[in-house]
Amino acid sequence: MTPGKRKLLGRNVGAMSREAVFETADAIESESREGYEVTRKRVLFEEVLLVTIHREVGVVYVTMTAILTVIFAGVAILSRSAPAVAISFGILALPFFIACVVRLILRLDYVSIFGRRSKAVMRFSVRKRRAREVYGRICSRALEVQRAIVERQTEEASPISEAPPPLPPEDLANDASGAAGST
Amino acid sequence: MQSYEGPSCPRCHARLTADWIQSGTIICPDCNKPFEATAFRPPQRRLEVVSVAAALTPEGANACANHERNAAVTNCVRCGLFICALCNMDVGTGPHCPSCFDRLRADDALSPAATRYRDYASMARIAMVAGLFFSFMFMGIPFAAASLYYARKGFKQLREEGRSKIGLIIIIIFALLEIIGGIAWIAILIVGLSKVRK
């Protein structure tokens, strides 16, 4: 469990996976669900190696929606003699056609964060500016955290103190000067 | 669960070697498609770890097998080698020395750096919805009771995480209403049946 506040950055919802990605004070958290089981992975900002952003169509999604469009539209065309059936199948084909066209036009923006031990992926279907913002935010946070660690390490590595060594106690100093005088 | 092997191409998932990890537009050597990237050089935690090792161990403790100037803080659970905090590769699977860690990772026998837990809030929500659906079959009360049980556990979970509990409060209210409704439904039936008998 990770105590503390976290902010939802994005999701990665596919046919086989469902992930939510959050930002916490020191890491990116990725929660994937399998039924009631939640698996939480963390990509620490101090371990981030690479952050990427790219845009792709999603061939499987487009193919599936296109096939369903063709099937339903085909049935609608074939059953022109029965207008009620044709209209029903036409209406069924419409959402798949719209989904296919929207995906082809907008495409998906993916933001991936690779750490030393784990990774997190988010995808943005409509909010392109949000994808850019999240990408920039993760980069700046990782840079900030890693720079702070380097600064701390250099501080620790530098000499502890430049101050002169402490003087001996006064009575010892007097004894020493007395002994020097007597000789 | 797939084991993680380090940065890869976000398009084709081909492993990227250190030469390819750089800032700017990268063209994947495998799929030849571009993606924009920002590379980082995460600092090693060496200084911090050495000081921790020095602070944790008493004088005269065993030396680390890999770093003779570092005091050993534990030993590898696989090969028994004494290791310092710098060498301790513990990702929730017990302390491992770097070579055992690499071997286990190569064999995919290492549990990933992940936490698994049950989402009781989701379970409470599903039990509550199932209770609403099956309330006419007198199943509202047992489902609501299950929902309240999971909600109690969910509360504890959310408290530990410091997350909002508003959703769970709504679930509890609905579950209580289901129980009240279920009892009322049974009472109406009993009263009705007694009237019919008379």
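Residues numbered from 1 in each chain as written. Chains lettered and ligands numbered in written order. Predicted model: local features only at pLDDT ≥ 70, side-chain atom pairs only at ≥ 80, totals over all residues.

Undergrad: Would you mind going over the interface of chain A and chain B in detail, with residue names and values included?
TA: The interface is formed by 36 residues belonging to chain A together with 28 residues belonging to chain B. Looking at the side of chain A that touches chain B, the elements with two or more residues in it are strand S4 (37-44), strand S5 (50-56), strand S6 (108-114) and helix H3 (128-157) of chain A. The leading source of residues in the side of chain A that touches chain B is H3(A), at 8 residues. Of the residues in the side of chain A that touches chain B, the class split is 16 nonpolar, 9 polar and 11 charged. Bridging between S5(A) and strand S2 (residues 34-39) of chain B involves 4 bridges; their strand directions are antiparallel. Directly across from Thr52(A), in S2(B), lies its bridge partner Ala37(B). (Contact = placed C-beta atoms within 7 Å. Helix = DSSP H or I, 4+ residues; strand = E, 2+ residues; numbered from the N terminus. Nonpolar A, V, L, I, M, F, W, Y, C, P; charged D, E, K, R; others polar. Pairing = 2+ DSSP bridges.)

Undergrad: Please set out the confidence of the model for chain B residue by residue, giving values where relevant.
TA: Looking at chain B, the pLDDT average stands at 81 and 84% of residues meet or exceed 70. Of all helices and strands in chain B, the one with the weakest mean pLDDT is helix H1 (residues 46-56) of chain B (50), whereas S2(B) scores best (91). (pLDDT = per-residue confidence, 0-100.)

Undergrad: If you had to explain the nonpolar core to someone new, which residues and values would you point to?
TA: Grouped together as the largest cluster of nonpolar side chains are 27 residues, with contacts concentrated most on Val48(A), Val51(A) and Ile113(A). Every element with two or more residues in this core is listed here: strand S3 (27-34), S5, S6, strand S7 (119-124) and H3 of chain A. Broken down by element, the residue count for this core peaks at 6 residues, all from H3(A). For Val51(A), the residues in contact, after removing those within four places along its chain, are Ile113(A), Tyr135(A), Ile138(A), Cys139(A), Ala142(A), Ala37(B) and Thr38(B). (Core = buried A, V, L, I, M, F, W, Y, C linked by C-beta atoms within 7 Å. Buried ≥ 20, exposed ≤ 12 C-beta atoms within 10 Å, placed from the backbone.)

Undergrad: Please provide a residue-by-residue account of the pairing of S3(A), values included.
TA: Residue and element names in this part refer to chain A. Alignment of strand S2 (residues 18-23) against S3, held across 5 bridges, turns out to be antiparallel. Each bridged residue has a counterpart across the sheet, and for Glu 23 the counterpart in S3 is Ile 28. The turn joining S2 and S3, which pair antiparallel and follow one another in sequence, is formed by 3 residues. Two elements, S3 and S4, share 8 bridges in a ladder whose sense is antiparallel. Considered in S4, the bridge of Ile 28 is made with Val 43. The antiparallel pairing of S3 with S4 creates a hairpin that spans 2 residues between the two strands, and Gly 35 there sits at a positive phi of about 65°.

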